[in-house]
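Inside the fold
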Amino acid sequence: MAKTSAEQMRAWRGPALFSFGFRPFFLFGAAWVALAMLLWLPALSGAITLPTRLDPVSWHAHEFLFGYLGAVLAGFLLTAVPNWTGRLPMVGWRLAALFALWGAGRVAVLVSGHLPAAVAPVIDLAFPLVLGGLILREIVAGRNWRNLVVLGLLAVFTLANGIFHIEALTGAYAAQGFGLRLGLATAVMMIAVIGGRIIPSFTRNWLAQHNDPTRPAPPMQRFDKIVLLASMVILTHWVVRPFATQTGAALLLFGGLHLARQARWQPHHTLREPLLWVLHAAYMFIPLGAFALGLDQILGQPGTAGAQHFWMAGAIGAMTLAVMTRASLGHTGQSLTANRATVAIYLCLFGSVLARFGASIHLGLMHLSGALWLAAFVGFAIAYGPSLLRPKPEK
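A brief look at the structure comes next. Sequence positions are assigned chain by chain, starting from 1 and proceeding in written order. Only residues with pLDDT of at least 70 are given local features in this predicted model, and only at 80 or more are side-chain atom pairs given and counted; all residues enter the totals for whole chains, interfaces and linings. Excluded from the side-chain calculations are hydrogens and water; all other atoms, namely the structure's heavy atoms, are used.

1. Focus on helix H8 (residues 222-240)
Which entries qualify depends on this criterion: A run of DSSP states H or I qualifies as a helix once it reaches four residues; a run of E qualifies as a strand once it reaches two. Both are numbered from the N-terminal end. Multiply 1.5 Å by the residue count of a helix minus one, and that product is the helix's expected span. Accessibility here uses a 1.4 Å probe with only protein chains present; expressed as a share of the type maximum, an area under 20% marks a residue as buried, one over 50% as exposed, and anything in between as partly exposed. The directions considered for the arc run from the helix axis to the C-beta atoms.
Taking 1.5 Å of rise per residue, the 19 residues of H8 would be expected to cover 27 Å, and the 28 Å separating its terminal C-alpha atoms lies within 8% of that figure. Within the span of H8, buried status applies to Asp224, Val227, Leu228, Ser231, Ile234, Leu235, Trp238 and Val239. Viewed along the axis of H8, the buried residues span an arc of 140 degrees, placing them on a single side of the element. Facing away from the buried side of H8 by over 90 degrees, the exposed positions are Arg222, Lys225, Leu229, Val233 and Val240.

2. With respect to the nonpolar core
Quick note on the threshold: We define a nonpolar core as any set of buried Ala, Val, Leu, Ile, Met, Phe, Trp, Tyr and Cys residues linked to one another through side-chain atoms lying within 4.5 Å. Note on contacts: a residue pair is in contact if any heavy atoms of the two residues lie within 4.5 Å.
One finds Phe25, Trp59, Leu65, Trp311, Leu349, Phe377 and Phe380 to be the most contacted residues of the largest nonpolar core, which totals 125 residues. Not counting residues up to four positions away in its chain, the partners in contact with Phe377 are Ala30, Val33, Ala34, Tyr68, Gly317, Leu321, Met324 and Leu349.

3. Structural notes on unusual backbone geometry
Here Arg143, not a glycine, exhibits a phi torsion of approximately 50 degrees, which is positive. You can see Arg143 is positioned in the loop between helix H5 (119-141) and helix H6 (148-169). Owing to a relative accessible area of 63%, Arg143 belongs among the exposed residues under this scheme. For Asn211, which is not glycine, the phi dihedral falls at a positive 55 degrees.

4. A word on the packing of helix H3 (residues 56-85) against helix H7 (residues 178-209)
Put simply, the test is: Axis lines are fitted to C-alpha atoms, over the contacting stretch for helices. Their N-to-C directions set the angle, which ranges from 0 to 180 degrees. We call two directions roughly parallel when the angle between them is under 35 degrees, roughly antiparallel when it is over 145, roughly perpendicular when it lies between 65 and 115, and oblique otherwise. Two helices crossing with the near one rotated counterclockwise from the far one by less than a right angle form a left-handed crossing, whereas a clockwise rotation gives a right-handed crossing. Here the term charged refers only to Asp, Glu, Lys and Arg, the term nonpolar to Ala, Val, Leu, Ile, Met, Phe, Trp, Tyr, Cys and Pro, and the term polar to all other amino acids, Gly among them.
The contact between H3 and H7 brings their axes to 12 Å, and the two run at 30 degrees. By the criterion of interaxial angle, the relationship of H3 to H7 is roughly parallel. Crossing handedness for the pair H3 and H7: left-handed. Here H3 contributes Ala61, Leu65, Phe66, Leu69, Leu73, Phe76 and Trp84 to the contact with H7, which in turn contributes Gly179, Leu180, Gly183, Leu184, Ala187, Met190, Ile194 and Arg197. Counted by class, the contact of H3 with H7 contains 12 nonpolar, 2 polar and 1 charged residues.

5. Section: the packing of helix H2 (residues 22-45) against helix H13 (residues 365-389)
Look at H2 against H13: their axes get within 9 Å of each other, and the N-to-C directions meet at 155 degrees. Looking at the two axes, H2 sits roughly antiparallel to H13. Read as a crossing pair, H2 and H13 show a hand that is left-handed. Of H13, the residues touching H2 (which contributes Phe22, Arg23, Phe26, Leu27, Ala30, Val33, Ala34, Met37, Leu38, Trp40 and Leu41) are Met366, Gly370, Trp373, Leu374, Phe377, Val378, Phe380, Ala381, Gly385, Ser387, Leu388 and Leu389. Of the residues contributing to the contact of H2 with H13, the split by class is 19 nonpolar, 3 polar and 1 charged.

So, in structure tokens, the structure goes:
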């Protein structure tokens, strides 16, 4: 019987893709979000009709927020939880079965127009429920109570997905519904919690390795906890009353708090290492999104999609790419250094976010945003796919 994670992975004789949780979910999550963009742009223009019950915008929003992000969360948690708990990771056919459940959800939602109404939601929700059960078992068995907060956020994220489905089935415009806001707010909190742990830690370690006397604030100090508590309150207010003037003012406060938090991590000292500055740049979209949404409310232009995309495509898209590239390099035995292809991936993603925001002013930028988005995620699949598909080299 394998006694260590490395021994368990070496004992697996099947495809290397299923030798660790990050491999299938990162690779095919990126492939799916690229394919979804390829389908959505012609569907939005009316050139094709998707076989889904959802309208094109709601399908696009759902498959990014709950489909793609769900895959990245699975890859991250299945890789991180063994480190948190000291228990063995999930590998082999059990991992393949979980991955197949995620894939079944993507297909079911896409072809839901040809299925009974409840079938696609049930299949789609099965994946996060099973994932949550697996993570709960590991946390309890490892007595890792500190990370129950992450499991709680996953539970709220799953609830938001269910509400999204209910809204869509009852004829509401789910792309601007309660479920989407709850899911997006939860995703922002996940970035604030997890990013607040890893970004200052990675920054401190890198600066120390390079003999830089700068010392960013350690993760999760009292100020961080105050910011997270205030963030939860403000985001809840935004979910419940998104168009209230008070919400706009609260979002501006939210943005200011996160700017102050990030400044304590000394992001300007990381410009020499793309794997680090991309994490800081991705986190910057949290206050930027809050400022944009808050100003929209105060200026009387609520619901601007471009502002919301600072959180959707910016914070979520950039942070997930940053985590996927770094984790893929580290866990496949490669040097933690970004090559030119990786930097190009980051720049395409940031260009896509800015173009999407500009599309609120000039609609023609929508296709530029889509093209840059495809370049980022197809680029990830091409650049990182080979290492994700082959075994980690022996030392």
